[in-house]
Amino acid sequence: MALGFFSLALFLFLSVDSDSGYTSASAAAASGKEGVEITYGSAMKLMHEKTKFRLHSHDVPYGSGSGQQSVTGFPGVVDSNSYWIVKPVPGTTAKQGDAVMSGATIRLQHMKTRKWLHSHLHASPISGNLEVSCFGDDSNSDTGDHWKLIIEGSGKTWKQDQRVRLQHIDTSGYLHSHDKKYQRIAGGQQEVCGIREKRADNVWLAAEGVYLPVNESSSK
């Protein structure tokens, strides 16, 4: 399994083409293909629809709240700290290569640090909403890492460039960002937090990434 993750990272930096068995965002666009399905095991960037910032993390802790690894919105497209691997929650039958269905409970693992996208009742540093952090590692995960995928519209499977919301299971907060920016620890990056109300600022899209092909059995 670890070898698979190293392979994904290598492909990301070597500009994967369609002959590799993976589908990259750039390859899909060049071929005129749209709506690539998101599968478990895929590594991607999540783009905040309203501000176009990417969901981002790095090995810098919050100076308040939980003190866990910080999560921000990053303005640039080219940064390896913005890749997240889509994982099922433990105890489900979902496996690598299965399409991610609307309503599924998923986890997002930060590719660079191996920690999970996490939330809880600590206050976020700027707005005082629900803090969103990164927590745990490959062998350490809890329900604070669980997010419900909600597709906006009539789609049944998650696709690239499709409007989605991620609702945190434990707190009911939606993954949210806005134009409130940090000045010091992550200068120019914007706050990511959780908010319990549906707002225009908690819509995201799967953008750049390396997408594993859909298992034939899961597409039938």
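Residues numbered from 1 in each chain as written. Predicted model: local features only at pLDDT ≥ 70, side-chain atom pairs only at ≥ 80, totals over all residues. Heavy atoms only, no water.

Looking up the chain in an unreviewed UniProt entry gives the name MIR domain-containing protein, with the organism given as Brassica cretica.

A. Highlighting the overall build of the chain. On a plain count of helices and strands, the chain comes out with two helices and 13 strands. Here the chain, with 220 residues, has 51% of them falling under the buried criterion. Summarising the internal contacts of the chain: among those between residues at least 6 apart in sequence, 66% fall at separations of at least 24. Only carbon and sulfur atoms are counted for the fraction: they give 51% of the accessible area of the chain, which is about 10000 Å². (Helix = DSSP H or I, 4+ residues; strand = E, 2+ residues; numbered from the N terminus. Buried < 20%, exposed > 50% of the residue type's maximum accessible area, 1.4 Å probe, protein only. Contact = heavy atoms within 4.5 Å. Areas by Shrake-Rupley, 256 points an atom, 1.4 Å probe, with all protein chains shown as cover.)

B. Spotlight on the pattern of salt bridges. By the definition in use, this model includes seven salt bridges. Across the pair D98 and K95 runs a salt bridge, and its minimum N-O distance is 3.5 Å. The exposure class assigned to D98 is buried, which follows from its relative accessible area of 10%. For K95, a relative accessible area of 45% gives the class partly exposed. (Salt bridge = Lys/Arg side-chain N within 4 Å of Asp/Glu carboxyl O.)

C. Main features of the packing of aromatic side chains. Going through the model one piece at a time under the given rule, you end up with zero aromatic pairs. The ring centre of Y83 lies 4.9 Å from the NZ or CZ of K45, which sits over that ring. In this structure, R107 packs its charged tip against the face of W116, placed 4.0 Å from the ring centre. (Phe/Tyr/Trp six-rings, centres within 6.5 Å; stacked < 30°, edge-to-face > 60°. Lys NZ or Arg CZ within 6 Å of the ring centre and 35° of its normal.)

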